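What follows is the residue order along each chain.
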Amino acid sequence: MERAIRQRTTRQLTVISAAIQGDHSHPSAEDIYMRVRKVLPHISLGTVYRDLQRLVQEGTIQTLFLGERVARYDPTLAEHDHFICQQCGRVEDVWMDRDRQVDFAPLVREGFTVTAYSLAIHGVCQRCGPQRAPRRRLHHMAHPVPTKQERMH
């Protein structure tokens, strides 16, 4: 009879998990490492990578590769897409309508097996985009009040 090998939960794993849960900035392992070092100053980057991989395997978080070589980590497991700002690099979760069908038949004919897909939208976020001029309320007056110069003449 085989016994399931149960990995123990370490303090490092707990702190790493807490560092990413609820974080929607899609941090890299290095970002998480810098956060965790504030709590566990002697932790190694290798431990952070191993524990992040364990969290991915356990289904607690997911790994994202958004057109870059650096993996980012996402605690949101629900099906969603991402907006990537070309200026600041910020990644935001976006919830697009998934009712529109994507035709994967050409990929299947080529021998690919599609298990999931995600959309990465590139552009400029609200923070980096052109600032809108504040709306000024125009006060239309039937009889404008004359300026001091106008009253003197």
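Residues numbered from 1 in each chain as written. Predicted model: local features only at pLDDT ≥ 70, side-chain atom pairs only at ≥ 80, totals over all residues. Heavy atoms only, no water.

Novice: What exactly am I supposed to notice about the pattern of salt bridges here?
Specialist: Pairing is possible between side chains of opposite charge, provided their charged atoms come close. Taken as a whole and assessed by the stated rule, the structure comprises 3 salt bridges. Glu92 serves as the salt-bridge partner of Arg90, at 2.6 Å between the closest nitrogen and oxygen. (Salt bridge = Lys/Arg side-chain N within 4 Å of Asp/Glu carboxyl O.)

Novice: Explain the nonpolar core to me, please; I cannot follow it from the model alone.
Specialist: Across soluble globular proteins, nonpolar side chains show a tendency to be buried alongside one another. Formed by 17 residues in total, the largest nonpolar core has its most connected members in Ile16, Ile32, Val36, Ile43, Val48, Leu52 and Tyr73. Elements with a contribution of two residues or more to this core: helix 1 (11-20), helix 2 (29-37) and helix 3 (45-58). Non-local contacts of Tyr73, meaning those with residues more than four positions away in its chain, are made with Ile20, His26, Pro27, Ser28, Ala29, Ile32, Tyr49, Leu52, Val56, Ile61, Gln62 and Thr63. (Core = buried A, V, L, I, M, F, W, Y, C linked by side-chain atoms within 4.5 Å. Buried < 20%, exposed > 50% of the residue type's maximum accessible area, 1.4 Å probe, protein only. Helix = DSSP H or I, 4+ residues; strand = E, 2+ residues; numbered from the N terminus. Contact = heavy atoms within 4.5 Å.)

Novice: What's the story with unusual backbone geometry in this structure? I'm lost.
Specialist: Where the residue is not glycine, phi is negative for most of them; where a peptide bond is considered, it is trans in most cases. The backbone of His26 shows a phi angle near 60°, a positive value even though the residue is not glycine. Turning to its location among the elements, His26 is positioned in the loop between helix 1 and helix 2. Since its relative accessible area comes to 0%, His26 is described here as buried.

Novice: Can you help me understand the packing of helix 1 against helix 2 in this one?
Specialist: The relative placement of two packed helices comes down to the angle between their axes together with the axis-to-axis distance. Where helix 1 meets helix 2, the closest approach of the two axes is 10 Å, and the angle between their N-to-C directions is 115°. Here helix 1 and helix 2 pass one another in a crossing that is right-handed. Contacts between helix 1 and helix 2 involve Val15, Ile16, Ala19 and Ile20 from the former and Ile32, Arg35 and Val36 from the latter. Residues that form the contact of helix 1 with helix 2 fall into these classes: 6 nonpolar, no polar and 1 charged. (Axes fitted to C-alpha atoms, helices over the stretch in contact; angles between N-to-C directions. Left-handed = near helix turned anticlockwise from the far one by under 90°. Nonpolar A, V, L, I, M, F, W, Y, C, P; charged D, E, K, R; others polar.)

Novice: Looking at this structure, how should I read the packing of helix 2 against helix 3?
Specialist: Packing of helix 2 against helix 3 brings their axes to within 10 Å, and their N-to-C directions diverge by 115°. As helix 2 runs across helix 3, the sense of the crossing is right-handed. Here Ala29, Glu30, Ile32 and Tyr33 of helix 2 come into contact with helix 3, specifically with Leu45, Val48, Tyr49 and Leu52.

Novice: Hey, could you run me through the sheet that holds strand 4 (residues 91-94) in this one?
Specialist: Backbone hydrogen bonds are what pair the strands of a sheet, in a parallel or an antiparallel way. Sheet architecture is open: 3 strands sit in the order 4-3-5, paired in mixed fashion. Of all strands in the sheet, those with a lone pairing partner are strand 4 and strand 5 (120-123), marking the two edges. Taking the axes of each pair of neighbouring strands and ignoring which way they run, one obtains an average angle of 25° across the sheet. Two elements, strand 3 (residues 81-85) and strand 4, share 4 bridges in a ladder whose sense is antiparallel. The residue bridging Phe83 from the neighbouring strand is Glu92, located in strand 4. (Pairing = 2+ DSSP bridges.)

Novice: Would you mind showing me how to read the environment of Leu55 here?
Specialist: The topology assignment puts Leu55 in helix 3. Leu55 sits 38 residues away from Ser17 along the chain, and the two C-alpha atoms are 7.5 Å apart. When neighbours within four sequence positions are excluded, Leu55 is seen to be in contact with Leu13, Ile16, Ser17, Thr60 and Ile61.

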